[in-house]
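# Residue-level structural notes
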Amino acid sequence: MHDPDAPLVERAQRGDQWAFEQLVERHQHRLFTLAARTLGSPHDAADAVQETFLRAWLALPRFRRGSLFSTWLYRICLNAAHDQRLKRRAEPSEFVERADPRDTFAESELSGELQRALDALDETYRVAVVLYDVLGCSYAEIAEMTGVPEGTVKSRIFRGRTELAKLLGTTAGRPESKT
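Summarised in this report is the structure supplied together with it.

Here is what the cut-offs are and how they apply
Here the residue numbers are simple positions, counted from 1 along each chain's written sequence. Only residues with pLDDT of 70 or above have their local features reported here, since the model is predicted, and side-chain atom pairs are shown and tallied only from 80 upward, although totals for entire chains, interfaces and linings are computed over all residues. Side-chain descriptors were evaluated using all non-hydrogen atoms of the structure, hydrogens and water having been removed beforehand. By the criteria applied, helices consist of DSSP H or I runs no shorter than four residues and strands consist of E runs no shorter than two, each listed in order from the N terminus. Throughout, exposure labels follow a simple rule: accessible area from a 1.4 Å probe, protein chains only, divided by the maximum for the residue type, with under 20% read as buried, over 50% as exposed, and the rest as partly exposed. The Shrake-Rupley method, run with a 1.4 Å probe sphere, supplies the accessible areas, and residue values consider only the shown protein chains as cover. Here a salt bridge means any side-chain nitrogen of Lys or Arg lying within 4 Å of a carboxyl oxygen belonging to Asp or Glu. Working definition: a ring pair exists when centres of Phe, Tyr or Trp rings (six-membered ring for Trp) sit within 6.5 Å. Plane angles under 30 degrees give stacked, over 60 give edge-to-face, the rest tilted. Helix axes are fitted only over the stretch in contact, all axes being lines through C-alpha atoms; the angle between N-to-C directions runs from 0 to 180 degrees. Any angle that falls under 35 degrees is termed roughly parallel, while one over 145 is termed roughly antiparallel, one within 65 to 115 roughly perpendicular, and all others oblique. The hand of a helix crossing depends on one turn: near helix anticlockwise from the far one by less than a right angle means left-handed, and clockwise means right-handed. By definition in these notes, contact holds between two residues if any of their heavy atoms fall within 4.5 Å. Residues were grouped as follows: Ala, Val, Leu, Ile, Met, Phe, Trp, Tyr, Cys and Pro as nonpolar; Asp, Glu, Lys and Arg as charged; and all remaining residues, including Gly, as polar. As used in this record, nonpolar core signifies buried Ala, Val, Leu, Ile, Met, Phe, Trp, Tyr and Cys residues forming a set joined through side-chain atoms within 4.5 Å. To estimate the expected span of a helix, subtract one from its residue number and multiply by 1.5 Å. Here a polar contact is taken to be a pair of N or O atoms separated by no more than 3.5 Å, where protein atoms must pair a possible hydrogen donor with a possible acceptor and residues adjacent in sequence count only if both atoms sit in side chains.

### Observations concerning the overall build of the chain
Scanning the chain from terminus to terminus reveals 8 helices and 0 strands. Going from N to C terminus, the chain has its helices and strands arranged as α-α-α-α-α-α-α-α. Within the chain, the proportion of its 179 residues that are buried is 43%. Looking at the chain as shown, the accessible area adds up to about 9,700 Å², and 49% of this sits on carbon and sulfur atoms.

### Remarks on the pattern of salt bridges
Where charged atoms from two side chains of opposite charge approach closely, those side chains can pair. Inspection of the entire model under this criterion finds 5 salt bridges. Residue R11 pairs with D16 through a salt bridge whose shortest N-O separation is 2.7 Å. Taking the relative accessible area as the measure of exposure, D16 reaches 21% and is therefore partly exposed. When salt bridges that share partners are traced, they join E51, R55 and D83 into one network.

### Some words on the packing of aromatic side chains
Tallied over the entire structure, the rule returns 6 aromatic pairs. Centroid distance F20 to F53: 6.3 Å. Interplanar angle 85°. Geometry classified as edge-to-face. With a gap of 33 residues between them, F20 in helix α2 (residues 17-39) and F53 in helix α3 (residues 42-59) connect regions that are remote in the sequence. Of the two residues examined, F20 and F53, each falls in the buried class. On the basis of an interplanar angle of 5° and a centroid distance of 5.0 Å, the ring pair of Y132 and Y139 is categorised as stacked. Through pairs of rings, three or more aromatic residues link up here, namely F20, F53 and W57.

### A word on the packing of helix α4 (residues 69-88) against helix α6 (residues 123-134)
The relative placement of two packed helices is expressed as an angle between their axes plus a distance between the axes. Interaxial distance between α4 and α6 falls to 13 Å at its minimum, and their mutual angle equals 140°. Accordingly, the angle class assigned to the pair α4 and α6 is oblique. For the crossing formed where α4 meets α6, the hand is right-handed. Each of Y74, L78, H82 and R85 in α4 lies in contact with α6, whose residues at this interface are E123, R126, V127 and L131. Classifying every residue of the contact of α4 with α6 gives 4 nonpolar, 1 polar and 3 charged.

### Re the nonpolar core
With 50 residues, the main nonpolar core has F20, L34, L60, F69, W72, Y74 and L131 as its most contacted residues. Here this core takes 10 residues from α2, the largest share from any one element. When neighbours within four sequence positions are excluded, F20 is seen to be in contact with A12, F53, A56, W57 and L60.

### Considerations on α2
For α2, which comprises 23 residues, the first-to-last C-alpha distance of 29 Å sits more than 12% below the rise-based estimate of 33 Å (1.5 Å per residue). For α2, the side-chain oxygen to backbone nitrogen distance between the N-cap and W18 is 3.0 Å, and the N-cap itself is D16. Residue G40 follows α2 closely and has a positive phi angle near 80°.

Written as structure tokens, this is what we have:
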């Protein structure tokens, strides 16, 4: 498996802060999208992403190159978002568009109604749906990030979509294969 981040990771593991800054630049928007869609709050998402990069920097010497750096980073982000949710226990909030266009969500904007429906989902379903449908991760990548078998990932995506459809009053389709 070829990891496009490998050269920067190697340099960062040797203490090169510039290399780590490049990794931050490369991944911050997708991590923000993941955290924002998982938490339902741009403010909480920003905190979770900041915590993600802090944890990653501290754990970088222990990163094993058996998996993609991005997969490892997403796993850290999911843990940070989970910790943030436990800390805040806030009511789901609607997204407020930011004035700076660089701060808009990577990929696509989801409506406030869809965000509220995502917020109502069980966390395991929400994470699977966001990783697959918003961030475009494959079943294998999601399985590695969440530590569950691919079959469980497929099931969570299907169940999450079905629940979203009920909440939104539409019909959910079966997930397409990205493996």
